[in-house]
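What the coordinates show
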Amino acid sequence: MSHPIIQVEDLSKAYQIGQIGTGTISRDIERFVITKILGKEDPFLKIGETNDRSLKGESDIVWSLKDINFEIQQGEAVGIIGKNGAGKSTLLKLLSRVTSPTTGQIKVKGRIASLLEVGTGFHPELSGRENIYLNGAILGMRKKEITRKLDEIIDFSGVERYIDTPVKRYSSGMYVRLAFAVAAHLESEILIVDEVLAVGDAEFQKKCLGKMGDISKGQGRTVLFVSHNMAAVKSLCSRGIVLENGLIKKIDTVENAVGYYLSGDSEAQNQITFSNAYDKKEFTLHQISINPVGSTSDTVLDEYQEIEINTAITLKEVDNSLHFTYVLNNEFGEALFTFSHTGSGLKLHPGLNKVKCVLPKGFLNIGSYFLSFYVIENAKKTIFVEKDIMTFNIQEGERAIGSWMGKEPGFIKPIFDWSIK
Amino acid sequence: MKNSSQSQDWDLVIKGHTSLFDLKFKDLWHYRDLLLLLVKRDFVSFYKQTILGPLWFFIQPIFTTIVFTFVFGTLAGISADGLPHQLFYLAGITSWNYFSDCLTKTSTVFKDNANIFGKVYFPRLIMPLSIVVSNLVRFGVQLLLLLLMMLYFYFSPIPNTSFHITNGIFLFPLLVLLMALLGLGMGLIITAATTKYKDLTFLVTFGVQLLMYATTVIYPLSAAPVAYKKYIELNPMTGIIEAFRYAFLGKGEFTVWSIGYSTLVTVVILFFGVIIFNRTEKNFVDTI
């Protein structure tokens, strides 16, 4: 039995780009009378254009969101993902009533608390305690509600010692902690969170996510979460909504939604099939693909998988002096390491060779990588080089709630043998 | 699914076009604590890190009164209705200041709070209301100054008995309310308009100053030339200030009609102000 707590129906939001103002006061007045007094739709809006920044639109109006429909059930944690400008923030703004929709409607049951920013309305001259009250009230709490939770909030913030000091003397970290502490103690049925994780140190991020997980899983409240951190989205949310150019591209389980979103990255290709461009005197290179072991090349690569690199090549001459070497470069173009099959004792044979190399589980860190391909003759002469022959991305995998969601330093994170006695 | 959801009671429906008169008073009431906290914030942040603190509230009216007494009373010799000049001006300044503070501060409410308004929803009307209440504190302090001055003149070595508190004092709460609401109403209209036409911001700053000269702050209505009198009376603040002087000092052209007229104008302006403000608040974030 489903209980929708938020129902979004044909929701659209148009923005005017360029110069604000329709040009003349008389047109402004006409527009004002029609939209504001009569409550009709704006006749100066053109219908039917989507929001794609890279294309030149015909009018000054862009649809930041266009006819969005979805439902969110009680107690769900939903991640909203999409590129910059896809309409995520607009959707959050509409849900949190900061601005109103152009057409369509959102039906909500219960109170919504939205955290588009932490510490909204903090006044630098006021003490931490006074700001807790002020900020709490701005977020919709009653004074007695705040008083009841004051100790808990101060405790969570970890700035007890400075609670009666004006917040202008706080370090930025303390400021954010205090602000999040207030927000985390809101008693609302629905919590909307936008990228709060972008601020604060690792410990704080851990605390934030832990608290949010607690809110959604522990207390059964509904959470809408917007982030670019896929690890955080995956571990916190059960469902995902992918937005692109103001349209919903996919609503699915969070794994599928994140996968869909990431595979949409056009720069990275996990499989390249070569035409006769690499038809050389000694060999013909057919294909290179990268995929998780036991999966196909359209699967998203994540940091925990065992990854295989497959190379299909036909040797034309009966000559076993050839071998391959790969160089892996990071996104800054620095070589991370070189690897080849010579050490294994395996030899290439004439005809079609399907060469497979498996990188151990969890070897590569999150990031973009460039693979260069070399064919070497007699272990000394390079007869073929193709730099950056393919690009691939390693994405965040799912992590436990409460753990660090960012990227660890470094490009590889090998799993070594450990023992403790 | 559709049917089951339609039969449910939704607590909130967010849509683009709402009724003109949907002023969300229920929301406003829920957020009443916020109003008081904002007033407290204004007050505390005003005097924090100052030496004189709330005394600053006194300084502006005292100096204005001294200057007015010298320029308009001594140099220009404008009548003060037979009252001590200091009291005459102070009464005018106190009430005018309250009105003009409400007006000017309210008129920038969208601009000043664009950041907060862009991030969090609360009934926007809370902000201008908190401004009006904050200024009430300031007004109260200045009123105290007026009362002290009256006591001083009354008990000075040469007692001055040209003034006395009249039964008009019973209208005092109404007068304060009118000043507040008139300033609020005009401010709401202006702030709504400034989200699109920023020019108005500049107009307000000196417009309010000029408007003071069209109000009976530095001269009594009785001293106004007959030809201009009816125009001065058209100004709703005139009736209020005259009644205020009549209440505290016993001089002023106070009639039921003049105060009735001011009340009517205030109600109309406030009504339009609130409606326009509510219309604007829904989307101003997109244009400011």
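Residues numbered from 1 in each chain as written. Chains lettered and ligands numbered in written order. Predicted model: local features only at pLDDT ≥ 70, side-chain atom pairs only at ≥ 80, totals over all residues. Heavy atoms only, no water.

**A few points about the overall build of chain A**
When helices and strands are counted, chain A shows eight helices and 17 strands. In chain A, buried positions account for 52% of the 421 residues. The contacts in chain A between residues at least 6 apart in sequence include a share of 70% that link residues at least 24 apart. Surface exposure of chain A reaches about 19,500 Å², of which carbon and sulfur atoms provide 51%. (Helix = DSSP H or I, 4+ residues; strand = E, 2+ residues; numbered from the N terminus. Buried < 20%, exposed > 50% of the residue type's maximum accessible area, 1.4 Å probe, protein only. Contact = heavy atoms within 4.5 Å. Areas by Shrake-Rupley, 256 points an atom, 1.4 Å probe, with all protein chains shown as cover.)

**A word on the overall build of chain B**
Counting its regular elements, chain B contains 14 helices and one strand. In terms of overall dimensions, chain B has C-alpha extents of about 85 × 50 × 35 Å along its principal axes. Among the 288 residues that make up chain B, the fraction classed as buried is 51%. By element, 70% of the accessible surface of chain B is carried by carbon and sulfur atoms, the whole surface being about 13,700 Å². Positive and negative charge centroids in chain B, built from 21 and 15 side chains respectively, lie 4 Å apart. (Lys, Arg positive; Asp, Glu negative; His and termini not counted. Charge placed at Lys NZ, Arg CZ, Asp CG, Glu CD.)

**Topic: unusual backbone geometry**
Its identity is not glycine, yet Asp67 of chain A carries a phi of approximately 45 degrees, on the positive side. You can see Asp67 of chain A is positioned in strand β2 (residues 61-73).

**Some remarks on the domain arrangement of chain A**
You can read the domains of chain A as domain 1 (4-11 + 64-263) and domain 2 (271-394). Here domain 1 of chain A and domain 2 of chain A have C-alpha centroids that lie 44 Å from each other. (Domains from an automatic or database assignment.)

**Structural notes on the nonpolar core**
Core analysis: the largest hydrophobic core is formed by 159 residues, its most contacted members being Phe122 and Phe244 of chain B. Look past the residues within four positions of Phe122 of chain B in its chain and what remains in contact with it is Ile138 of chain A together with Tyr31, Leu34, Ile116, Phe117 and Met127 of chain B. Ranked by size, the runner-up nonpolar core spans 31 residues in total, among them Leu315, Tyr326, Val355 and Met390 of chain A. (Core = buried A, V, L, I, M, F, W, Y, C linked by side-chain atoms within 4.5 Å.)

**Here's the deal with the interface of chain A and chain B**
Listed as interface residues are 55 residues of chain A and, on the opposing side, 46 residues of chain B. Taken together, the two surfaces of chain A and chain B that pack against each other cover about 4,700 Å², and 57% of this comes from carbon and sulfur. If you sort the residues of chain A by the area they bury against chain B, Arg97, Val98 and Arg142 of chain A come out on top, with a joint share of 15%. The interface formed by chain A and chain B holds two salt bridges in total. The salt bridge involving Arg142 of chain A is made with Asp33 of chain B; its shortest N-O contact spans 3.0 Å. At the boundary of chain A with chain B, the tally comes to eight residue pairs in polar contact (both at pLDDT 80 or more). For the side of chain A that touches chain B, the secondary structure elements donating two or more residues are β1 (4-16), α1 (25-37), β2, α2 (88-95), β4 (103-108) and α3 (128-138) of chain A. (Buried area = accessible area lost by both parts, 1.4 Å probe. Salt bridge = Lys/Arg side-chain N within 4 Å of Asp/Glu carboxyl O. Polar contact = N/O pair within 3.5 Å; in protein donor to acceptor, adjacent residues only side chain to side chain.)

**With respect to the sheet that holds strand β13 (residues 322-330) of chain A**
All names here are of chain A. Reading across the sheet, the four strands line up as β14-β13-β16-β17 and stay open at both edges, with antiparallel pairing between neighbours. Edge positions in the sheet fall to β14 (335-340) and β17 (381-394), since each of these pairs with one other strand and no more. Going across the sheet, the axis of each strand differs from the next one's by a mean of 20 degrees, ignoring polarity. One ladder, built from nine bridges, connects β13 with strand β16 (residues 367-377); its direction is antiparallel. By the bridge assignment for β16, Val327 is matched with Ser372. (Pairing = 2+ DSSP bridges. Axes fitted to C-alpha atoms, helices over the stretch in contact; angles between N-to-C directions.)

**Overview of the sheet that holds strand β15 (residues 351-359) of chain A**
All names here are of chain A. Read across the sheet, four strands follow the order β10-β11-β12-β15 without closing on themselves; strand pairing throughout is antiparallel. Lying at the two open borders of the sheet, with one neighbouring strand each, are β10 (271-273) and β15. Averaged over neighbouring strand pairs, the angle between their axes works out to 15 degrees when direction is ignored. In the sheet, strand β12 (residues 307-315) pairs with β15 via nine bridges, with the strands oriented antiparallel. Note on β15: the bridge partner recorded for Thr311 is Val355.

**Points about the environment of Lys281 of chain A**
All names here are of chain A. Along the chain, Lys281 turns up in the loop between β10 and β11 (283-292). Looking at Lys281, the relative accessible area reads 62%, which means it is exposed. With 186 residues separating them along the chain, Lys281 and Leu95 place their C-alpha atoms 63 Å apart. If sequence neighbours within four positions are ignored, Lys281 has contacts with Lys316 and Glu317.

**Some points on the side chain of Asn330 of chain A**
All names here are of chain A. Mapped onto the secondary structure, Asn330 falls in strand β13. Looking at Asn330, the relative accessible area reads 0%, which means it is buried. Residue contacts for Asn330: discarding those within four places in its chain leaves Leu336, Ser368, Tyr369, Phe370 and Phe411.

**Re the confidence of the model for chain B**
Residue and element names in this part refer to chain B. Averaged over every residue, the pLDDT of chain B is 85; residues scoring 70 or more account for 95%. When the elements of chain B are averaged for pLDDT, helix α1 (residues 2-6) gives the smallest value, 44, and helix α9 (residues 172-194) the largest, 93. Confidence estimates for the predicted assembly give a pTM of 0.74 and an ipTM of 0.84. (pLDDT = per-residue confidence, 0-100.)

**Some thoughts on the pairing of β14 of chain A**
Residues and elements named next belong to chain A. Pairing analysis gives five bridges linking β13 to β14, with the strands arranged antiparallel. What sits directly across from Asn329, in β14, is Ala335. Linking β13 back to β14 in an antiparallel pair, the connection comprises four residues, with Gly333 at a positive phi of about 85 degrees.

**Re a negative patch on the surface**
A surface patch of like charges, here negative, comprises Asp151, Glu152, Asp155 and Glu160 of chain A. Tracing the backbone through its elements, the reader meets Asp151 of chain A in helix α4 (residues 143-157). (Patch = residues over 30% accessible without salt bridge, like charges linked within 9 Å, V, L, I, M, F, W, Y side chains within 5 Å.)

**Focus: the packing of helix α8 (residues 126-155) of chain B against helix α12 (residues 236-249) of chain B**
Residue and element names in this part refer to chain B. At a closest axis distance of 12 Å, the pairing of α8 and α12 adopts a crossing angle of 45 degrees. Considering the angle they form, α8 stands oblique to α12. Regarding α8 and α12, the two cross each other, and that crossing is right-handed. Seen from α8, the contacting residues are Phe139, Leu143, Leu146, Leu147 and Met150; seen from α12, they are Phe244, Phe248 and Leu249. (Parallel < 35°, antiparallel > 145°, perpendicular 65-115°, else oblique. Left-handed = near helix turned anticlockwise from the far one by under 90°.)

**Points about α2 of chain A**
Residue and element names in this part refer to chain A. In terms of residue burial, α2 counts as a mostly covered element, since six of its eight residues are buried. Among the residues making up α2, those that are buried are Lys88, Thr90, Leu91, Leu92, Leu94 and Leu95. Arg97 sits one or two residues past α2 and shows a positive phi near 65 degrees.

**Some points on the pattern of salt bridges**
Residue and element names in this part refer to chain A. Tallying each qualifying case throughout the model produces 18 salt bridges over all chains. When the shortest N-O distance is used, the salt bridge between Glu76 and Arg239 registers 2.5 Å. Of the two residues, Glu76 is situated in the loop between β2 and β3 (77-82) and Arg239 in strand β8 (residues 239-244); the sequence distance between them amounts to 163 residues. On the accessibility criterion, Glu76 (13% relative accessible area) is buried. Residues Asp252 and Lys250 are paired through a salt bridge, measuring 3.9 Å at the closest nitrogen-oxygen approach. Exposure remark for Asp252: the relative accessible area of 23% places this residue in the partly exposed category. A single salt-bridge network, built from bridges that share partners, covers Arg148, Lys149 and Glu187.

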